[in-house]
Amino acid sequence: MTSKNVWIAGMAAPVMIAILLLFSGSAGVTANDQSSAAAEVRIDNFVFGPQTLTVPVGATVTWTNKDDIPHTTVSTDGVFKSKVMDTEDKFSYTFDKAGTYSYYCTIHPKMTGKVVVQ
Ligand SMILES: [Cu+2]
């Protein structure tokens, strides 16, 4: 009885490792199946470019400040809000819902842009 229990315990560890490997393997496949679109907006000379960006649902948009002046990227509806970005600073946001997202620079409110998610 005792020796049988020891034998089962000895088998359990390799089996568990095999199961864990199986699960981690399938998780990797799932991650590869997800399409992750990415898009960029460049801030240059007080302009968001492109001013209107159209991306699929789930896309991550990255804003990069190419100006030698600090800027922010803040959603008009409070959906996202960057810190003050110095030159070459980046801000990213992933859009999980379809819609039109207007944004502006809080330092220079005349700077506006739009992300259309569809
Ligand atoms: Cu600005």
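See the structure above.
The notes below deal with the structure included here. This structure is a prediction, so every number in the text was calculated from the model and none was measured.

## Things to note about the coordination of the copper ion
Step number 1: Taken together, the protein ligands of the copper ion are His-71 (ND1), Cys-105 (SG) and His-108 (ND1), with distances of 1.9 to 2.2 Å.
Step number 2: Positions of the donor residues of the copper ion along the chain correspond to the pattern H-x33-C-x2-H. Here His-71, found in the loop between β4 (60–65) and β5 (74–75), pairs with His-108, found in the loop between β7 (99–104) and β8 (112–117); they are 37 residues apart in sequence, far enough to count as distant.
Step number 3: A relative accessible area of 0% places His-71 in the buried class.

## Considerations on the pairing of β8
Step number 1: Judged from the 4 bridges that link them, strand β3 (residues 52–55) and β8 form a sheet pairing that is parallel. Residue pairing across strands places Val-55 opposite Val-117, the latter belonging to β8.
Step number 2: Here β7 pairs with β8 via 6 bridges, running antiparallel. Note that in β8 the partner of Thr-100 across the bridge is Val-116.

## Looking at the pattern of salt bridges
Step number 1: Counted by the stated rule, this structure contains 1 salt bridge.
Step number 2: Notably, a salt bridge pairs Lys-66 with Glu-88, separated by 3.3 Å at the nearest N-O pair. With Lys-66 in the loop between β4 and β5 and Glu-88 in the loop between β5 and β6 (90–94), this residue pair connects regions lying 22 residues apart in the sequence.
Step number 3: Residue Glu-88 is classed as partly exposed on the basis of its relative accessible area, which comes to 44%.

## A closer look at the sheet that holds strand β1 (residues 38–44)
Step number 1: If you trace the 4 strands from one edge of the open sheet to the other, you get β2-β1-β4-β6, paired in mixed fashion. At either margin of the open sheet sits one strand with a lone partner, and together these are β2 (47–49) and β6. Here the strands of the sheet are splayed against their neighbours by 20 degrees on average, with no regard to which way each runs.
Step number 2: Where β1 and β4 come together, 6 bridges link them in parallel fashion. Residue pairing for β4: Ile-43 is matched across the bridge by Asn-65.

So, how was this worked out
Residues numbered from 1 in each chain as written. Predicted model: local features only at pLDDT ≥ 70, side-chain atom pairs only at ≥ 80, totals over all residues. Heavy atoms only, no water. Donors = N, O, S within 2.8 Å, 3.2 Å for Na, K, Ca; no water. Helix = DSSP H or I, 4+ residues; strand = E, 2+ residues; numbered from the N terminus. Buried < 20%, exposed > 50% of the residue type's maximum accessible area, 1.4 Å probe, protein only. Pairing = 2+ DSSP bridges. Salt bridge = Lys/Arg side-chain N within 4 Å of Asp/Glu carboxyl O. Axes fitted to C-alpha atoms, helices over the stretch in contact; angles between N-to-C directions.

Nothing here speaks to function; it is geometry throughout.
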